Amino acid sequence: MLRIIRFSSLFLLVLVAGIWAYAWVSKSPHENLAEAFANRLAGVFGQEMAVPSAAGGGMQLPAGMSLGGPFELINQAGQPVTERDFAGRWLLVYFGFTYCPDVCPTELGIIASALDAMGPAGELVTPILITIDPQRDTPDQLADYVSRFHPRMQGLTGTAEQVAAVARRYRVYFARVQRPDMTDYLMDHSSFIYLVGPDAKVRALFRKETSPEVIAAATQAQMRAPRNPAL
Ligand code: NI
């Protein structure tokens, strides 16, 4: 019996190390290593493991982990905003940048489709893009960009310090990447859609390429769920 346990733990260890190595070689420029690992792990053990569906889909936060909270940013009209300006509202938040060639437009399109899929309930949810490239994403640039995805989508920017602070609160990874063959730089960044409750805290997050239907269902389930005041 002991041998079986030893053998199985060795097997598990080798398997996890293998997935880590695989994640490292196969990660896309938009994924950081931890995210790539979580995605590959979910691929091996089945979607249910990384995406528990207690509230109808989306990744639940590990116990004791709190994301979101206060921020100070600048809205697309050039006015300062904080989380208090959105108090009482549900938000679907994405961190990205307007020069992003592929992933950001896809994910912002998914947010817009999720709101449409929710019907009238979607009107209670504000879609937000927070840029991780404040150097190029001015309020005007953001206003023009977000309006292409959804008429109510808000684009938020800020100083480099303000953006770094809000990214820390959401544990968003981002880094500037300069390829020798390109004149413009790119931003490498983690890609999650965050469902934020009326108290500015993250209630659920959705991995890249989660379907709009899953996001819509999970958002509505969270909006209906009675809130434990201790959380
Ligand atoms: Ni992007």
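Residues numbered from 1 in each chain as written. Predicted model: local features only at pLDDT ≥ 70, side-chain atom pairs only at ≥ 80, totals over all residues. Heavy atoms only, no water.

Sorry, what's going on with the packing of aromatic side chains here?
Two descriptors summarise a pair of aromatic rings, namely the distance from one centre to the other and the angle between the planes of the rings. With the rule as written, the count across this model stands at 5 aromatic pairs. Taking 5.8 Å as the distance between ring centres and 85° as the angle between the ring planes, the aromatic pair formed by Phe 95 and Tyr 194 counts as edge-to-face. Of this pair, Phe 95 sits in strand S3 (residues 90-96) while Tyr 194 sits in strand S8 (residues 192-196), placing them 99 residues apart in sequence. Here Phe 95 and Tyr 194 have matching classes, each one buried. Taken together through their ring pairs, the aromatic side chains of Phe 95, Tyr 170 and Tyr 194 make up a single cluster. Positioned above the aromatic ring of Tyr 185 is the side chain of Arg 136, whose terminal nitrogen or guanidinium carbon lies 3.6 Å from the ring centre. When the ring centre of Tyr 185 is taken as reference, the NZ or CZ atom of Arg 176 above it lies at 3.7 Å. (Phe/Tyr/Trp six-rings, centres within 6.5 Å; stacked < 30°, edge-to-face > 60°. Helix = DSSP H or I, 4+ residues; strand = E, 2+ residues; numbered from the N terminus. Buried < 20%, exposed > 50% of the residue type's maximum accessible area, 1.4 Å probe, protein only. Lys NZ or Arg CZ within 6 Å of the ring centre and 35° of its normal.)

Any chance you could explain the pattern of salt bridges here in plain terms?
Where charged atoms of side chains with opposite charge meet at close range, the side chains can pair. With the rule as written, the count across this model stands at 4 salt bridges. A salt bridge links Asp 144 to Arg 148, with the shortest nitrogen-to-oxygen separation between them at 3.1 Å. (Salt bridge = Lys/Arg side-chain N within 4 Å of Asp/Glu carboxyl O.)

Is there a simple way to think about the pairing of strand S9 (residues 202-207) in this case?
Regular strands have side chains that alternate between both faces of the sheet. Within S9, 6 of the 6 residues are buried, which leaves it mostly tucked inside the rest of the structure. With 5 bridges joining them, S8 and S9 adopt antiparallel strand pairing. Considered in S9, the bridge of Tyr 194 is made with Leu 205. (Pairing = 2+ DSSP bridges.)

Explanation requested: the side chain of Glu 107 in the structure shown.
By the element assignment, Glu 107 lies in helix H4 (residues 103-117). We note that Glu 107 is buried and unpaired, the nearest opposite charge coming from Lys 208 at a distance of 7.1 Å. Contact partners of Glu 107, with chain neighbours within four places excluded, come to Tyr 94, Ser 191, Ile 193, Arg 207, Lys 208 and Glu 209. (Lys, Arg positive; Asp, Glu negative; His and termini not counted. Contact = heavy atoms within 4.5 Å.)

Before we go on, may I ask you to explain the sheet that holds strand S4 (residues 125-131) in this structure?
As summarised here, the arrangement of the 5 strands in space is S5-S4-S3-S8-S9, forming an open sheet in which the pairing is mixed. What marks the edges here is a single partner per strand, and that holds for strand S5 (154-156) and S9. Each adjacent strand pair in this sheet contributes to an overall mean axis angle of 25°, direction not counted. For S3 and S4, the ladder comprises 7 bridges, and the chain directions are parallel. Paired with Gly 96 across the bridge in S4 is Thr 131. In this fold helix H7 (residues 212-224) packs onto S3, S4, S8 and S9, with an angle of close to 170° to the strand it touches most, S9. (Axes fitted to C-alpha atoms, helices over the stretch in contact; angles between N-to-C directions.)

So what exactly am I meant to see when it comes to H4 here?
Working note: α-helix, 3.6 residues per turn, so residues spaced by three or four point in the same direction. Over its 15 residues, H4 runs 21 Å from end to end, which matches the ideal 21 Å to within 8%, given 1.5 Å per residue. Turning to H4, its buried residues number three or more, namely Val 103, Cys 104, Glu 107, Leu 108, Ile 110, Ile 111, Ala 112, Ala 114 and Leu 115. (Expected span 1.5 Å × (residues − 1).)

Can you help me understand empty space enclosed by the protein in this one?
Rolled over the atoms, a probe sized like a water molecule indicates the empty space that remains. According to the stated counting rule, one finds 1 cavity of 30 Å³ or more in the structure shown. Within this model, the largest cavity holds a volume of roughly 50 Å³. Lining the largest cavity, in full, are Phe 71, Glu 83, Phe 86, Ala 87, Arg 89, Leu 91, Val 196, Gly 197, Pro 198, Asp 199 and Ala 200. A breakdown of the residues in the lining of the largest cavity according to their chemical character gives 7 nonpolar, 1 polar and 3 charged. (1 Å grid on protein atoms, 1.4 Å probe; cavity = no way out; pocket = protein on both sides within 12 Å on 5 of 7 lines; lining within 4 Å. Points joined across faces, edges and corners; volume = space filled by probe spheres on them. Nonpolar A, V, L, I, M, F, W, Y, C, P; charged D, E, K, R; others polar.)

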